[in-house]
Amino acid sequence: MSRLRRAVTVLLIGCPLTLAGHNVAAESGYTSGDPGFAAFKQELRQGYTSYRDQVQKEAREFAALHMQISAGYENRIANIWADPEQSSKTRWVLYEDGYIRKRVVDFEKGLIIWSTPERYADSGFALADAGKMLAEMMSLTRRQAFEQDEVASEVESRSRGQFNHLETATLDNKPVLPAYLFGDTSVDQPRVDKAIDAMLASAEKVQLSQQGQSVVVWTFPMTIDEGSADTPAVTVPQPEPTPKPKPEPKPKPKSEREREAVSIPVVVSGDVWKTKSIEADRLERLPARARPFVSSINRENEKFELSAELLLAIMETESAFNPMAKSPIPAFGLMQIVPASAGQDATEKLFGKPRLLAPSYLYNPENNIQVGAAYFNILYYRYFRDIDDPLSRLYCAIAAYNTGPGNVSRALTGGSMALRPATRIANTMSPSEVHAHLMSNLPYEETVNYLRKVTSHLAKYEEVLSGE
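Residues numbered from 1 in each chain as written. Predicted model: local features only at pLDDT ≥ 70, side-chain atom pairs only at ≥ 80, totals over all residues. Heavy atoms only, no water.

In terms of helices and strands, the chain carries 20 helices and nine strands. For the chain, buried positions account for 52% of its 468 residues. Approximately 21300 Å² of the chain is accessible, and the part contributed by carbon and sulfur atoms is 50%. (Helix = DSSP H or I, 4+ residues; strand = E, 2+ residues; numbered from the N terminus. Buried < 20%, exposed > 50% of the residue type's maximum accessible area, 1.4 Å probe, protein only. Areas by Shrake-Rupley, 256 points an atom, 1.4 Å probe, with all protein chains shown as cover.)

This is the structure:
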């Protein structure tokens, strides 16, 4: 293969959608009518397919590696705890002192929870000791949080040596919790100290039974004594009642889903992209925990033709604005990006070819928001582009962000996962009918709840950002 053809091949492997254009023929030395041009295009397609298959294979191996490391970590925790817990979408979990102390930041409930099995509670676990713990938590940076995450840091380390298509990043030294509490990562120490004093003053201590193990728990509401009105309502854990056998869960009747669909707040305007940029005079209307991400939201809205309300609603639903969020799939960060699925589509759009996104890349909030916005752009403007009504299309894209476009199609068609027949059916319905149909027919209850939450948050942020 000539140097020119080799260069064109590399270029087009990174940008396969240009294969059909006449520029390919010109740059390769062929004309579109040449007998060898079809063979040349086929060669490029095969090269791209081979590359994509390699990345997808690495993504499957990455998921298996994460599962293996996560299982080993849980086994170590289980030596101390009857109910071992790892970080989740809205709960950031860290252990200390050989796993005998557990620190949890519950971003959804607005709590810091410090606990230990009762047999370890005799020393170093008094309220006087909690001040040091809270100070350490308030100073913990994104980079330190990542380094202390045993699963993510080991997955990252082993992935760097195992995978050839890995995209990594360096995390910054901005503290995690001041951003949540104050809406700013640059907070002077007296304000931080005052917040810690407020937490200590509101502390509660309880003793719980968890899987038959007696556990002592301190709870600290993440409030600040500055007149803040946006901290989530606090729910202090209470002792568990005597456990009773749980019945097997039953699928929710369709009629109940339909009744719920009627009462859910939904976007009522056909203008689905309302706020492109959150201006400075609107910033204070947002909860503090959302404000650190506004510059990224504004930048990605412009690039991917979305709205501030949408990205805020997705972030609140996915992670409660927890930048260290993760789930077992695995998915990482504010917008819960799955490297093996959404990450593949989004990186092809962003980089011209699929890449495997490492935990460090997705724990970077700016990267995470960019990838999430790129993926939603793909769902709305590519997969569901033939749905005429923008609001109907928005509902389908929201559901697909959680469950994939194929399952949304299956909900609309009653069986087929193909997009074309689903589009035809959606175009016979009004937006409210599309919403109700999805709520009644989506195959997974998780996605029903997801669509409910995102549309509710979307309506809330529309009101917040549009109010005079």
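Glancing now at the environment of Ala374. By the secondary structure assignment, Ala374 is in helix α15 (residues 365-383). Along the sequence, Ala374 and Asp345 sit 29 residues apart, while their C-alpha atoms lie 8.5 Å from each other. Discounting residues that sit within four places of it in the chain, Ala374 has contacts with Phe304, Ala346, Lys349 and Leu350. (Contact = heavy atoms within 4.5 Å.)

For helix α20 (residues 445-466), built from 22 residues, the straight-helix expectation of 32 Å at 1.5 Å per residue is met to within 8% by its first-to-last C-alpha distance of 32 Å. For α20, the set of buried residues is Thr447, Val448, Tyr450, Leu451, Arg452, Val454, Thr455, His457, Leu458, Tyr461, Glu462 and Leu465. (Expected span 1.5 Å × (residues − 1).)

Here we take up the packing of aromatic side chains. Inspection of the entire model under this criterion finds 17 aromatic pairs. A centroid spacing of 6.3 Å and a plane angle of 65° characterise the contact between Tyr73 and Tyr99, whose relative ring orientation is edge-to-face. With Tyr73 in helix α3 (residues 35-78) and Tyr99 in the loop between β1 (91-96) and β2 (101-106), this residue pair connects regions lying 26 residues apart in the sequence. Tyr99 shares its class with Tyr73; the two are buried. Between Phe376 and Tyr401 the ring centres are 6.3 Å apart and the planes differ by 35°, which places this aromatic pair in the tilted class. Of this pair, Phe376 sits in helix α15 while Tyr401 sits in helix α16 (residues 390-403); the two residues are 25 residues apart in sequence, bridging distant segments of the chain. As far as the burial class goes, Phe376 and Tyr401 line up, both buried. (Phe/Tyr/Trp six-rings, centres within 6.5 Å; stacked < 30°, edge-to-face > 60°.)

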